[in-house]
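Spelled out from the first residue to the last, the chains are:
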Amino acid sequence: MTENKKPLEGKVALVTGGSRSIGAAVAKRLATDGAAVAITYHGSPDKAAAVVEAIEAAGGRAVAIRADAGDAGAVRVAVNETAETLGTVDILVNNAGIALGGPIDEITDADYNRMIAVNVTGVFVATQEAVRKMKPGGRVIHIGSSMVRYAAFPTASLYTLTKGAVAGFNRSLVRDLGPRGITVNTVHPGPTDTDMNPDGGPVSKIVGPGMAIGRYGKPEEIASVVSYLASPEAAFVTGADIVADGGFTA
Ligand code: NDP
């Protein structure tokens, strides 16, 4: 009898912001698929440790690295630490993100700068450092937002600016990395039940009625799309914007 090989066996994944919510679900899913997984975290060391423990308890390999996504130097160190500890970086999932904002007249310079640092510079720097090490078959997967397709409510212009930057970066990067056999894709979640956007919270009261499937998404449902993009099955998919939003923007 031949043993079924897991699709990501022998691969190393780095998930930024993997201590909670979507990032934690992605880390666990990629580990279930067979990858050794590094996660970064910033404010939640206990939750990051719990993700590592859960992966190890299921027979996987994981490490947690403290790295503020808004600190370019720390992000570069985290990518290099992943490669040193786990051997390489085959899959990068740029998930860490924050949602500061407000009405356009009231957005502060401090909030603007922090949003750009975490949601844009963090993504750029993690990608640049990771692809320096990535071999053919590598994967860069960004977590964007369905807000780039449909702005359902006010006060999110700064957030959407950052996610639009990631979508543009995604598309153009394909031309740099395609010849090296590395794919680059963005998953755009719609409203998903997390700490950032809890089902039953203030945003859900506005967007809930617009969900075609009549409910919020679960982090695991975003993780399953990431799992596909990370897999060998998705070798011909690059430059894609994959919206996983329960029909919210349909
Ligand atoms: P949460 O706020 O629930 O979780 C955010 C995760 O990112 C945590 O693990 C947090 O870790 C980490 N993180 C935040 N800031 C930093 C930082 N500066 N450095 C390192 N890690 C950081 O968010 P979601 O899971 O909801 O969102 C994940 C991604 O999905 C984001 O990019 C978000 O924009 C996007 N998204 C979410 C949607 C939703 O409805 N939930 C919809 C569309 C997109 P720690 O606590 O350790 O700092």
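The present account deals with the structure reproduced in this document. What you are looking at is a predicted structure, and each value in this text was computed from that prediction instead of being measured. (Residues numbered from 1 in each chain as written. Predicted model: local features only at pLDDT ≥ 70, side-chain atom pairs only at ≥ 80, totals over all residues. Heavy atoms only, no water.)

### Quick word on the overall build of the protein
The following threshold applies: Labels follow the DSSP assignment, with helices taken as runs of H or I lasting at least four residues and strands as runs of E lasting at least two, numbered in each case from the N terminus. The globule rule used for comparison is 2.2 Å times the number of residues to the exponent 0.38, while the radius of gyration itself is calculated over C-alpha atoms. Think of it in three bands: residues with accessible area under 20% of the maximum for their type are buried, residues over 50% are exposed, and the middle band is partly exposed, with areas taken using a 1.4 Å probe on protein chains only. Whether two residues are in contact is decided by their heavy atoms: any pair within 4.5 Å suffices. With residues, only the protein chains shown are counted as cover, and all accessible areas are computed by Shrake-Rupley using a 1.4 Å probe.
Per the secondary structure count, the protein includes seven helices and seven strands. The N-to-C order of helical and strand elements in the protein reads β-α-β-α-β-α-β-α-β-α-β-α-α-β. Against the compact-globule benchmark of 18 Å for 250 residues, the protein has a radius of gyration of 17 Å, which places it among compact chains. Counting only C-alpha atoms, the protein reaches 55 × 40 × 40 Å along its principal axes. With 250 residues in all, the protein has 49% of them scored as buried. Looking at the protein alone, contacts between residues at least 24 apart form 75% of all its contacts between residues at least 6 apart. Carbon and sulfur atoms make up 54% of the accessible area of the protein, which totals about 11600 Å².

### Observations concerning the packing of helix α1 (residues 21–32) against helix α7 (residues 219–230)
Applicable threshold: To get an axis, a line is fitted to the C-alpha atoms, and for a helix only the part in contact is used. The angle between two axes follows their N-to-C directions and goes from 0 to 180 degrees. For this classification, under 35 degrees means roughly parallel, over 145 means roughly antiparallel, 65 to 115 means roughly perpendicular, and everything else is oblique. Crossing handedness: left-handed means the near helix sits turned counterclockwise from the far one by under a right angle, and right-handed means the same turn made clockwise. Any residue outside Ala, Val, Leu, Ile, Met, Phe, Trp, Tyr, Cys, Pro, Asp, Glu, Lys and Arg is labelled polar, Gly included; the first ten of those are nonpolar and the last four are charged.
Their axes nearest at 8 Å, the elements α1 and α7 cross at an angle of 45 degrees. As summarised for this structure, α1 and α7 are arranged oblique, according to the angle between their axes. As for the relative orientation of α1 and α7, their crossing is right-handed in sense. Here Ser21, Ile22, Ala25, Val26, Arg29 and Leu30 of α1 lie close against α7, whose contacting residues are Pro219, Glu220, Ile222, Ala223, Ser224, Val226, Ser227 and Ala230. Of the residues contributing to the contact of α1 with α7, the split by class is nine nonpolar, three polar and two charged.

### Observations concerning the sheet that holds strand β3 (residues 62–66)
Put simply, the rule is: A pair of strands counts as paired when DSSP detects no fewer than two bridges linking them.
The seven strands lie next to each other as β3-β2-β1-β4-β5-β6-β7, forming an open sheet whose pairing is parallel. At either margin of the open sheet sits one strand with a lone partner, and together these are β3 and β7 (241–244). Along the sheet, successive strands turn relative to each other by an average axial angle of 20 degrees, direction set aside. In this sheet, β3 lies alongside strand β2 (residues 36–41) in parallel orientation, the contact comprising five bridges. Bridged to Tyr41 within β3 is Arg66. Lying on the sheet, α1 is in contact with β1 (12–15), β2, β4 (91–94) and β6 (183–189); it crosses β1 at an angle near 175 degrees.

All quantities given are derived from atomic positions and should not be read as evidence of function.
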